[in-house]
Amino acid sequence: MKQLLLTVFLILNFTSCESQESIIVSKIPIDWKDYPHVYTSYDASKFIHEFSFLETVDIYEITYTSDSHNIQSFAAIPKKKGKYPVIIYNRGGNRNFAALSLFREPKRYPIVHHFSKLASEGYIVIGCNYRGSGKSEGKDEFGGKDVNDLLNLIEAIKEIPEADTSKIGMYGWSRGGMMTYLALTKTNQIKAAVVGGAPSDNTIIDRPELEKRVFAELIPNYWEHKETELKKRSAVFWADQFPKDVPILMLHGNNDWRVKSTHSLRLALEFEKHRVPYRLKIFEGGDHGLSSFRDEVHQDVVSWFNRFLKQKENLPNMKLPEPKD
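Everything in this summary refers to the structure shown in the same document. Fair warning: this is a prediction, and the values are worked out from it, not measured in the lab.

What counts and what doesn't
Residues numbered from 1 in each chain as written. Predicted model: local features only at pLDDT ≥ 70, side-chain atom pairs only at ≥ 80, totals over all residues. Heavy atoms only, no water. Axes fitted to C-alpha atoms, helices over the stretch in contact; angles between N-to-C directions. Helix = DSSP H or I, 4+ residues; strand = E, 2+ residues; numbered from the N terminus. Parallel < 35°, antiparallel > 145°, perpendicular 65-115°, else oblique. Left-handed = near helix turned anticlockwise from the far one by under 90°. Contact = heavy atoms within 4.5 Å. Nonpolar A, V, L, I, M, F, W, Y, C, P; charged D, E, K, R; others polar. Pairing = 2+ DSSP bridges. Salt bridge = Lys/Arg side-chain N within 4 Å of Asp/Glu carboxyl O. Core = buried A, V, L, I, M, F, W, Y, C linked by side-chain atoms within 4.5 Å. Buried < 20%, exposed > 50% of the residue type's maximum accessible area, 1.4 Å probe, protein only. Polar contact = N/O pair within 3.5 Å; in protein donor to acceptor, adjacent residues only side chain to side chain. Phe/Tyr/Trp six-rings, centres within 6.5 Å; stacked < 30°, edge-to-face > 60°. Lys NZ or Arg CZ within 6 Å of the ring centre and 35° of its normal. Expected span 1.5 Å × (residues − 1). Arc of directions from axis to C-beta.

1. As for the packing of helix α5 (residues 147–157) against helix α6 (residues 175–184)
Argument step 1. At a minimum axis distance of 10 Å, the contact between α5 and α6 shows a crossing angle of 65°. Looking at the two axes, α5 sits roughly perpendicular to α6. Our pair here, α5 against α6, has a crossing hand that is right-handed. Residues Val 147, Leu 150 and Leu 151 of α5 form the contact with α6, whose own contacting residues are Met 179, Leu 182 and Ala 183.
Argument step 2. In terms of residue class, the contact of α5 with α6 is made up of six nonpolar, no polar and no charged.

What follows is the structure, encoded as structure tokens:
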């Protein structure tokens, strides 16, 4: 009988191990010596000074699977051995506009600065090119099924030995902020979030060319179900679904013509109503990327994640006190 039970245990254990397939397909380290053309874009001495923090981190190109698609991502991991909190960086743009790449190319943003500077603060920073951009397979749906690429990235992080998966934050800018809002309503594994220049009500069409060239081309059945699909991508309509234990830092410039600061102002009012913990910071004269406030933004972001990921600071008390006579 004991022998039978042992055999059954071994079979079940073996089957369980076999079923746990890896979601990461490849993890390729990046050696900057393989990219000599960087010095054609940057003065060598300026590059060494501006990106000195690269000496403290390793960069990887990681491919993982999401809904049967191979998805391209990049990760910056501190060189010093240990376990580190994780920040998922959600890029803006659509398709190959603002897709993540190692260095600046036409219509692409380099990841060196975004990822490595944050990682040098003691974080693993990882972000993907949503399906249909960069080397990622599939079709960009601008907040449709591509949100699964973020949810599956969380699963991929569990296969990175240095990652402390109990401390995962999410950081998104512009469309990446919208993706952050969507992800927060679909997973309970995010502990803190930062969004910048993020749209919260896409039903207000301030830029007709955006509707024609992005919404209509990417969102499935757009013209037939326009209102429904835009509301699905507009956090002001489902603010009640946000978790009450994830503090959100909202950053916006009041000179942002791409996404007006009223998007963050309106969502803040909804967060007030539903007692979602948040901090809203509007930068006077700030553009879409808050380019004149980069150092301040960096400090705000690092401070927020330090408080709620590294230090596990107690959440703010969002319960309204009883009115006094």
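Moving on, there is more to tell.
2. Here's the deal with the sheet that holds strand β8 (residues 163–173)
Argument step 1. Ordered in space as β1-β2-β3-β7-β4-β8-β9-β10-β11, the nine strands form an open sheet in which the pairing is mixed. Of all the strands in the sheet, just β1 (24–29) and β11 (278–283) have a single pairing partner and so form its edges. When strand polarity is set aside, the average angle formed by the axes of neighbouring strands in this sheet is 20°.
Argument step 2. As paired strands, β8 and strand β9 (residues 192–196) are joined by five bridges and run parallel to one another. Its bridge partner being in β9, Gly 169 is matched across the sheet by Ala 192.
Argument step 3. Docked against the sheet, α5 engages β1, β2 (57–66), β3 (69–78), β4 (84–90), β7 (124–128) and β8, running at close to 120° with respect to β2.

3. Description of unusual backbone geometry
Argument step 1. Located in the positive-phi region is Ser 68, a residue other than glycine, with phi close to 75°.
Argument step 2. The residue Ser 68 is located in the loop between β2 and β3 in this model.
Argument step 3. Here Arg 95, not a glycine, exhibits a phi torsion of approximately 50°, which is positive.
Argument step 4. Here Arg 95 is to be found in the loop between β4 and β5 (99–101).

4. Let's talk about the pattern of salt bridges
Argument step 1. Taken as a whole, this structure holds 19 salt bridges when the rule is applied.
Argument step 2. Through salt bridges with shared partners, a single ionic network connects Asp 67, Arg 131 and Asp 149.

5. Notes on the nonpolar core
Argument step 1. Ile 126, Tyr 181, Phe 242 and Ile 248 are the most contacted members of the largest nonpolar core, which has 53 residues in total.
Argument step 2. Those residues in contact with Ile 126, other than ones at most four positions away along the chain, are Ile 62, Ser 73, Phe 74, Ala 75, Val 86, Ile 87, Ile 88, Tyr 89, Phe 115, Leu 153, Ile 157 and Ile 160.
Argument step 3. Residues Val 57, Ile 87, Leu 251 and Leu 290 belong to the second largest nonpolar core, which totals 31 residues.

6. Comments concerning the side chain of Asn 90
Argument step 1. Relative to the elements of secondary structure, Asn 90 occurs in strand β4.
Argument step 2. A distance of 3.0 Å separates the side chain of Asn 90 from the side chain of Thr 180, its partner in a polar contact.

7. A short note on the environment of Asp 58
Argument step 1. Looking at where Asp 58 falls in the secondary structure, it is placed in strand β2.
Argument step 2. Linking Asp 58 and Lys 80, residues 22 residues apart in sequence, is a C-alpha distance of 9.7 Å.
Argument step 3. Separated by 2.6 Å, the side chains of Asp 58 and Lys 79 make a polar contact.

8. Here's the deal with the packing of aromatic side chains
Argument step 1. Overall, the coordinates contain 12 aromatic pairs when judged by the stated rule.
Argument step 2. Arranged with centres 6.4 Å apart and planes meeting at 75°, the rings of Tyr 171 and Trp 173 form a pair that is edge-to-face.
Argument step 3. An aromatic cluster of three or more residues is present, and its members are Tyr 181, Trp 238, Phe 242, Phe 271 and Tyr 278.
Argument step 4. Cation over ring: Lys 27 sits above Tyr 60, and NZ or CZ is 4.7 Å from the ring centre.

9. Considerations on helix α9 (residues 262–274)
Argument step 1. The first and last C-alpha atoms of α9 sit 18 Å apart over 13 residues, in line with the 18 Å expected at 1.5 Å per residue.
Argument step 2. Among all positions in α9, only His 263, Ser 264, Leu 267, Ala 268, Glu 270 and Phe 271 are buried. When α9 is viewed along its axis, its buried side chains cluster within an angular range of 165° and face the same direction. Opposite the packed face of α9, turned more than 90 degrees from it, sit the exposed residues Leu 269 and Lys 273.
Argument step 3. As for α9, its buried residues are in contact with α6, β10 (248–253) and β11.
Argument step 4. Positive backbone phi, approximately 60°, marks Arg 275, located one or two places after α9.

10. Overview of the pairing of β2
Argument step 1. With eight of 10 residues buried, β2 lies mostly within the body of the structure.
Argument step 2. Relative to β2, β1 runs antiparallel, the two sharing five bridges. From the neighbouring strand, Ser 26 faces β2, where its bridge partner is Thr 63.
Argument step 3. Here β2 runs beside β3; their pairing, made up of 10 bridges, is antiparallel. Across the sheet, the residue bridging to Tyr 64 is Ile 71, located in β3.
Argument step 4. With antiparallel pairing between neighbouring strands as the criterion, β2 and β3 make up a hairpin whose turn holds two residues, including Asp 67 at a positive phi of roughly 50°.

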